[in-house]
Amino acid sequence: DVQLQASGGGLVQAGGSLRLSCATSGFTFDDYVIGWFRQAPGKEREGVSCISSDDGSTDYADSVRGRFTISSDNAKNTVYLQMNSLKPEDTAVYFCARAPLVDPISAQALNFPPRTTAYDRWGRGTLVTVSN
């Protein structure tokens, strides 16, 4: 059974930090892009960051570049999102998802803005709330 489980959300003050985890199982981790998305109430889902599990290539939304860092632990089939200098506008439900590392899907998944349709499996979201 393919699983992508996001965790680590919570309530933090502006300027604080939080680390999200995406634990995966049921598929060959190195064959996929793993992406983080977020959705705030009343807003469209947007890509936050992504990583290619085979070579470690990464990309970020301009709004989080320099504040967020994505990384992977291939031995644990887990992707992390370290979020620093959090702002109230970062408040959202955060999701992780996978996209196959095949052309052209991988390019659609890795290049910002990512195409949501490139990602074929989605995990349950974890809520991040940033207060003033």
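It should be noted that the structure appears before, not after, this text.
The text that follows walks through the structure, step by step, so that each part is easy to find. (Residues numbered from 1 in each chain as written. Predicted model: local features only at pLDDT ≥ 70, side-chain atom pairs only at ≥ 80, totals over all residues. Heavy atoms only, no water.)

### Overview of the overall build of the protein chain
Now for step 1: Looking only at helices and strands, the protein chain features one helix and eleven strands.
Now for step 2: Sequence-ordered secondary structure for the protein chain, helices as α and strands as β, is β-β-β-β-β-β-β-β-β-α-β-β.
Now for step 3: Taking 2.2 N^0.38 as the reference for a compact globule, 132 residues should give roughly 14 Å; the C-alpha atoms of the protein chain span a radius of gyration of 14 Å, in line with that estimate.
Now for step 4: Principal-axis analysis of the C-alpha atoms gives the protein chain an extent of 40 × 25 × 25 Å.
Now for step 5: Put simply, the protein chain has 132 residues, and 44% of those count as buried.
Now for step 6: A sequence separation of at least 24 residues applies to 61% of the contacts in the protein chain between residues at least 6 apart.
Now for step 7: Here the protein chain displays about 6600 Å² of accessible surface, and carbon together with sulfur accounts for 44% of that area.
Now for step 8: Treating the 12 positive side-chain charges of the protein chain as one cloud and the 14 negative ones as another, the clouds have centres 7 Å apart. (Helix = DSSP H or I, 4+ residues; strand = E, 2+ residues; numbered from the N terminus. Rg over C-alpha atoms; globule rule 2.2 N^0.38 Å. Buried < 20%, exposed > 50% of the residue type's maximum accessible area, 1.4 Å probe, protein only. Contact = heavy atoms within 4.5 Å. Areas by Shrake-Rupley, 256 points an atom, 1.4 Å probe, with all protein chains shown as cover. Lys, Arg positive; Asp, Glu negative; His and termini not counted. Charge placed at Lys NZ, Arg CZ, Asp CG, Glu CD.)

### Things to note about the state of the cysteines
Now for step 1: This model, assessed by the stated rule, comprises one disulfide.
Now for step 2: Note that C22 is cross-linked by a disulfide to C96, the S-S spacing being 2.2 Å. Looking along the S-S bond of the C22-C96 disulfide, the torsion reads about 75°, which is the right-handed sense. Of this pair, C22 sits in strand β3 (residues 18-25) while C96 sits in strand β9 (residues 92-100), placing them 74 residues apart in sequence. By the burial criterion, C22 is buried, and C96 matches it.
Now for step 3: Here C50 is not cross-linked by a disulfide; its sulfur's nearest cysteine counterpart is in C22, at 13 Å. (Disulfide = S-S within 2.5 Å.)

### Describing the pairing of strand β1 (residues 3-7)
Now for step 1: The side-chain alternation of β1 yields one buried face, formed by L4 and A6, and one unburied face, formed by Q3, Q5 and S7.
Now for step 2: Across five bridges, the pairing between β1 and β3 is antiparallel. Along β3, the bridge assignment pairs Q5 with A23. (Pairing = 2+ DSSP bridges.)

### Considering the pattern of salt bridges
Now for step 1: Overall, the coordinates contain six salt bridges when judged by the stated rule.
Now for step 2: Taking the shortest distance from any N to any O, the salt bridge between E46 and R38 comes out at 2.8 Å.
Now for step 3: Owing to a relative accessible area of 35%, E46 belongs among the partly exposed residues under this scheme.
Now for step 4: Classification of R38 by relative accessible area gives buried; the value is 5%.
Now for step 5: With a closest N to O distance of 2.9 Å, D120 and R98 form a salt bridge. Within this pair, whereas D120 is found in the loop between α1 (105-110) and β10 (121-122), its partner R98 is found in strand β9, the two being separated by 22 residues in sequence.
Now for step 6: With relative accessibility at 40%, the residue D120 sits in the partly exposed group.
Now for step 7: One connected set of salt bridges, linked through shared partners, spans R38, E46, R67 and D90. (Salt bridge = Lys/Arg side-chain N within 4 Å of Asp/Glu carboxyl O.)

### Describing the nonpolar core
Now for step 1: Among the nonpolar cores identified, the biggest contains 29 residues, and W36, L81, M83 and Y94 are the most heavily contacted of them.
Now for step 2: Where this core is concerned, the elements lending two or more residues are β1, β3, β4 (32-39), β5 (46-52), β7 (68-73), β8 (78-83), β9 and β11 (126-131).
Now for step 3: Ignoring sequence-local partners within four residues, the contact set of L81 consists of L18, R19, L20, W36, V48, S49, F68, T69, I70 and Y94. (Core = buried A, V, L, I, M, F, W, Y, C linked by side-chain atoms within 4.5 Å.)

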